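# Coordinate analysis (summary)
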Protein chains: 2
Amino acid sequence: MKIIDKINEKLAKGERFFSYEFFPPRTEEGVENLLERLDRMAAYGPTFCDITWGAGGTTSDVTLDIATKMQNSVCVETMMHLTCTNMPVEQLESALKEVRKAGIQNILALRGDPPKGQDHFETVEGGFSCALDLVRYIRKEHGDFFGIGVAGYPEAHPDSIVDDPEQMKVNYWDNIAYLKKKIEAGADFVVTQLFYEVERYIQFVKDCRSVGITAPILPGIMPIMAYGGFKRMTGFCKTAVPKFVSDRMEEIKEDEEAVKAFGIQLGTDMCKQLLDAGAPGVHMYTLNLERSAMAILEGVGLIDPANVPRPLPWRHIPSSGQRAEERVRPIFWSNRPKSYVTRTAKWQEFPNGRWGNSRSPAYATLSEHPFMRRHTSNDKRRERARAAWGAALPSLEAVTDVFVRYCQGDAKVLPWAEMEDLHPETGPIKEGLVALNQAGYLTINSQPRVNGAPSNDATFGWGRKGGYVYQKAYVEFFCSPDKLESLLQRLSGAEGITYLAVNAAGELRTNMAKGTVNAVTWGVFPGSEVEQPTVVDPVSFEVWKDEAFGLWLSEWGALYEEASPSRQLLQTIHDTWWLVSVVDNDYVTGDLFKALGV
Amino acid sequence: MKIIDKINEKLAKGERFFSYEFFPPRTEEGVENLLERLDRMAAYGPTFCDITWGAGGTTSDVTLDIATKMQNSVCVETMMHLTCTNMPVEQLESALKEVRKAGIQNILALRGDPPKGQDHFETVEGGFSCALDLVRYIRKEHGDFFGIGVAGYPEAHPDSIVDDPEQMKVNYWDNIAYLKKKIEAGADFVVTQLFYEVERYIQFVKDCRSVGITAPILPGIMPIMAYGGFKRMTGFCKTAVPKFVSDRMEEIKEDEEAVKAFGIQLGTDMCKQLLDAGAPGVHMYTLNLERSAMAILEGVGLIDPANVPRPLPWRHIPSSGQRAEERVRPIFWSNRPKSYVTRTAKWQEFPNGRWGNSRSPAYATLSEHPFMRRHTSNDKRRERARAAWGAALPSLEAVTDVFVRYCQGDAKVLPWAEMEDLHPETGPIKEGLVALNQAGYLTINSQPRVNGAPSNDATFGWGRKGGYVYQKAYVEFFCSPDKLESLLQRLSGAEGITYLAVNAAGELRTNMAKGTVNAVTWGVFPGSEVEQPTVVDPVSFEVWKDEAFGLWLSEWGALYEEASPSRQLLQTIHDTWWLVSVVDNDYVTGDLFKALGV
């Protein structure tokens, strides 16, 4: 979706919004860390995130890669920067094509800084010399496909900042005239350069409007996080700094924490003034850090950690293509959403209301995908995994213990979960889960029953306000053949329990009727059909089981030597145990754990 | 669906079942009455209904017409009789083609009685001489498409009944051998000739099994309803009558009511004995009458008038084609289901879980369809309508009064309802409806809110047991432009109310977002996706409005002279009033009538 459409929706509803900017890290581990941070920050619902273009082209591949993951794995509306620096037109075109392929529909068109080691921008052969050319090119070659943002300079472009006040005035208005040309060439909205004098932004917007620029102008906010960085950045951008800010910074420059706290306070005050003055939202230059940006947004009231909005129980990919229709997923992947998204990336059709007949059966295989080695993909992660799962597994009890500790919140990682920590909603059933694990049913997924919680409930809510959400109690676990037998015997008399059990060899035992699909999360909203975003279905369970069993070996087993007893123990579990999915269909009065005998 | 598959489902679940047989009436009015009766009787869930073939071909067109309506308007699994009497093979084939086209998948293959005026059956040129030929022909030409039933004669075929006991024994076993041939040729199940000695059926089944006939054998039950008819029928069929029956009949032959009561008692006793002896179900020869058959089924416990099963809130057409998938309909037609079925008969696709994208927009027009003249299609109906709606309409109050009396149960017919009486579920909101009508909002459709009633609830329940059903409160009415203005002003402040208002000219006023569809009835069942069988959607509302406005003139207006004040009053309403559909989305705590100000 185009960002301008999202902005206009917000404006129509009178809602303020926010967005984040990131830059491509230099190392692979840096990228992994950024994506995890992004994951957390995206939960708060930014209108979009943007990622800068590697100046000089050195990190341009990384930018493309991160942008793709932001859009399709983190699932946030993504804008990619594109600059003219060192970019012949063929290279620009190839980047635009790749961006389109990734489902990204937004570009921030910039001239870009001079490449490293040069003082002044120089046009490469066959390239463009300014953002205006880039905007024109994108509109000419790609029509209306892309939403285009451009930069605005409340204090004029640094290159045009001079000491002579008269000349400066001319340059300032030239800058605005140039901005107008970019809008007229097809840009949709403006993001400003960083500034610290709020009045500059207010005056700039006023001046833009006076020449007929009507596009939204988002103030770019760079929180002060360190004295050195602040000095460098304001020097480089020739940013005016109010006297109370520079005075205070000098006072506290030795105290890192005081600088950070001041940065948060200043950013909060600025954002409040900006929003009061009519800014439609704020764009946070995060410098890839979480704390200051989030603290400012919380201080302004744009986010509320106690009430994170969830449009759906799982994170929806903001693609403009087929995936925009996606409204239903199997519950099996709820702790491994990125695996699900990857495996279904090639689907031509997504169910948009019920799993039913729209289900596309072709899941991509995941054998050699990095998600299969999430906890062992580098030394640091291996170390964390070893700490959580044990340097060796002397017995089955040691394995059981890992699951018990995970449920208790003591072990932070588990092969079957992409994210650390259990979902907050497992709180009410934590005790039951611990008991179940202690009894030898090693849980990897669960949800409690919910009978009509308000859709804005802090724990269970999702979707628009004014609705009611429901869940059937669910638990999924591995267990030995013996445990399975006693369980099935127990369940044979239970009313309203449906189960699926499968082993690595593919033997299936179930009491679900053939071809049926069970909705386990649904929501009823004003003026809408019933949404049923997570389901249990036997067909996708058989796909999931390969992945679920595989993780015993590819993730956990990979920690230990080939022929070690620990590895052999996990191999035995893999070869002989069962994966069991159980739903208590009575979401009104049922007690799943009682039915399971714990 | 094939009846044998439905029978096998019942057998697998250990459930007993019942079915009805009807014959084609001679007059058009008779057909209309039969279909209305069938409508009521079908509500109890017979496994199938069958309709006899006009012997001699005189009423064969009527049979085809009724069979089509049984299947597609009354919505009951239909079996059509087909006999060899006077039927050259081309005529048989053309009948089979027409039956297929109507979505009927079941044929009872019979030789048939001799044509009127003849004593013995004679094969027509190019025709078949026996049911066996017919079964073979159907299987040869239509493969597995049709389910085929055949007749069984517990006392042997009347033609082969002779006095000589030795010869009779031979004839009896010949009959069974012939039945076996019919089964081997492809018949699926057997319906027996009427009988009054239960032991005959039991012995007959035993003898059939002894020669390897394994097909289900349904006992055919003909309740005694009148002395004369009983004597004629048992004479014609050479049916053995137990002494206690003939004795009792002689005693009470002058007393019609006593005969009927005895027939019910006898039928009930027989059915109980048959089911106890292992009969899978009972097939009622209704003679097109309702009371005796229903009383027997109730006496046996096969039906319970206090708990009529509803697989869906509306009646599902048991077709084997596209329509089998149909699970969702707009609420607008809930009082005119036959109109809906007719208008969507040509749809290639039906939504099977949500209205969403599966909605086919092409509704057939209904301008000159008989359903448009339901209450004025013959003199008797015109008379009833005039009694309900007034011989003249002196003022708007007279019109209002009709609606008020309809809600109170005093007027039995309304142009916008195919069935008489309000749905039982409107009981709880009757008072509110009366007040709303008195206030000038003339209601034509409504339902109360339901927050999770058990799916077997006598009033609101539908679908399988063990589920919960929900409804959003709904009301639909006509009102004057003034009333609309004050209503919309009132609703502008109301939370959770969505409405659609349209006039005959097509002006639309609504607060529903474009492209949205509102599910107003849904059900949550074990092991299933959420069912949402009725919806409010703006697109079909615009189709419905033509029908709804049209009824003011085609049905009601047609009662009065062209230029009469009554006719003019209805014309003014038609031309200037609005049709309004209102949903209270808060099915948990909402009060729709309070929101509407009554």
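Residues numbered from 1 in each chain as written. Chains lettered and ligands numbered in written order. Predicted model: local features only at pLDDT ≥ 70, side-chain atom pairs only at ≥ 80, totals over all residues. Heavy atoms only, no water.

## A closer look at the confidence of the model for chain A
When the pLDDT values of chain A are averaged, the result is 90; 95% of them are 70 or greater. Interface confidence for the predicted complex, expressed as ipTM, amounts to 0.79; the pTM equals 0.81. (pLDDT = per-residue confidence, 0-100.)

## A short note on a nonpolar patch on the surface
Residue and element names in this part refer to chain A. On the surface, Phe23, Leu287 and Leu289 cluster together into a nonpolar patch covering about 230 Å² of accessible area. Relative to the assigned elements, Phe23 resides in the loop between strand E1 (17-22) and helix H2 (28-42). On the basis of relative accessible area, Phe23 is assigned to the partly exposed category, the value being 36%. (Patch = residues over 30% accessible without salt bridge, like charges linked within 9 Å, V, L, I, M, F, W, Y side chains within 5 Å. Areas by Shrake-Rupley, 256 points an atom, 1.4 Å probe, with all protein chains shown as cover. Salt bridge = Lys/Arg side-chain N within 4 Å of Asp/Glu carboxyl O. Helix = DSSP H or I, 4+ residues; strand = E, 2+ residues; numbered from the N terminus. Buried < 20%, exposed > 50% of the residue type's maximum accessible area, 1.4 Å probe, protein only.)

## Focus on the sheet that holds strand E15 (residues 508-510) of chain A
Residue and element names in this part refer to chain A. The strand order across the open sheet built from five strands is E10-E13-E18-E14-E15, with neighbouring strands paired in antiparallel fashion. One side of each edge strand has no neighbouring strand; the edge strands of this open sheet are strand E10 (442-447) and E15. Neighbour-to-neighbour, the strand axes of the sheet open up by a mean angle of 10°, direction not taken into account. Sheet topology places E10 next to strand E13 (residues 473-479); five bridges connect them, and they run antiparallel. By the bridge assignment, Thr443 is partnered in E13 with Phe477. (Pairing = 2+ DSSP bridges. Axes fitted to C-alpha atoms, helices over the stretch in contact; angles between N-to-C directions.)

## Section: the packing of H2 of chain A against helix H3 (residues 60-74) of chain A
Residues and elements named next belong to chain A. Across the interface, H2 lies against H3 with an axial gap of 11 Å and an inter-helix angle of 35°. Of the two elements, H2 crosses H3, and the hand of that crossing is right-handed. In this structure, H2 uses Val31, Leu34, Leu35, Leu38, Asp39 and Ala42 to contact H3, whose residues at the interface are Val62, Ile66, Lys69, Met70 and Val74. Along the lines of polarity and charge, the residues of the contact of H2 with H3 split into nine nonpolar, no polar and two charged. (Left-handed = near helix turned anticlockwise from the far one by under 90°. Contact = heavy atoms within 4.5 Å. Nonpolar A, V, L, I, M, F, W, Y, C, P; charged D, E, K, R; others polar.)

## A few points about the pairing of strand E7 (residues 217-221) of chain A
In summary, the side chains of a regular strand alternate between the two faces of the sheet. Residues and elements named next belong to chain A. The buried fraction of E7 is high, at five of five residues. Here E7 shows a buried face lined by Ile217, Pro219 and Ile221 and a second buried face lined by Leu218 and Gly220. Across three bridges, strand E6 (residues 189-194) lies against E7 in parallel orientation. Within E7, the position partnered with Leu194 by the bridge is Gly220. In this region the chain leaves E6, passes through helix H7 (residues 198-210) and returns to the parallel neighbour E7; the handedness of that crossover is right-handed. The pairing of E7 with strand E8 (residues 281-285) spans two bridges and is classified as parallel. Across the sheet, Ile221 pairs through a bridge with Met284, a residue of E8. (Right-handed = clockwise from strand over helix to strand, strands pointing away.)

## Remarks on helix H2 (residues 28-42) of chain B
All names here are of chain B. Taking 1.5 Å per residue as the helical rise, H2 with its 15 residues ought to reach 21 Å, and the 21 Å between its terminal C-alpha atoms agrees with that figure. Listing the buried residues of H2 in full gives Gly30, Val31, Leu34, Leu35, Leu38, Asp39, Met41 and Ala42. Taken together, the buried residues of H2 touch strand E1 (17-22), strand E2 (48-51), helix H3 (60-72), helix H11 (291-300) and helix H12 (337-343). The N-terminus of H2 is capped by Thr27, whose side-chain oxygen sits 2.8 Å from the backbone nitrogen of Gly30. (Expected span 1.5 Å × (residues − 1). Polar contact = N/O pair within 3.5 Å; in protein donor to acceptor, adjacent residues only side chain to side chain.)

## Some words on the nonpolar core
Residues Trp552 and Trp556 of chain A together with Trp552 and Trp556 of chain B are the most contacted members of the largest nonpolar core, which totals 114 residues. With sequence-adjacent residues up to four places away left out, Trp552 of chain B is seen in contact with Val399, Phe403, Trp416, Leu442, Phe478, Gly557, Leu570, Ile573 and His574 of chain B. Ile7, Ile51, Met80 and Met270 of chain B belong to the second-largest nonpolar core, a separate cluster that totals 101 residues. (Core = buried A, V, L, I, M, F, W, Y, C linked by side-chain atoms within 4.5 Å.)

## As for the interface of chain A and chain B
Every contact between the two is made by 30 residues of chain A and, on the other side, 30 residues of chain B. Counting the surface lost from both chain A and chain B, the interface buries some 2,400 Å², and carbon and sulfur atoms represent 45% of this. For the interface between chain A and chain B, the tally reads two salt bridges. Where Arg354 of chain B meets Glu529 of chain A, a salt bridge forms, and the shortest distance between an N and an O atom there is 3.3 Å. At the boundary of chain A with chain B, the tally comes to 22 residue pairs in polar contact (both at pLDDT 80 or more). For the side of chain A that touches chain B, the secondary structure elements donating two or more residues are strand E12 (468-471), strand E16 (518-524) and strand E17 (531-536) of chain A. For the side of chain A that touches chain B, the element with the most residues is E16 of chain A, which contributes four residues. Grouping the constituent residues of the side of chain A that touches chain B by class yields 13 nonpolar, 12 polar and five charged. (Buried area = accessible area lost by both parts, 1.4 Å probe.)

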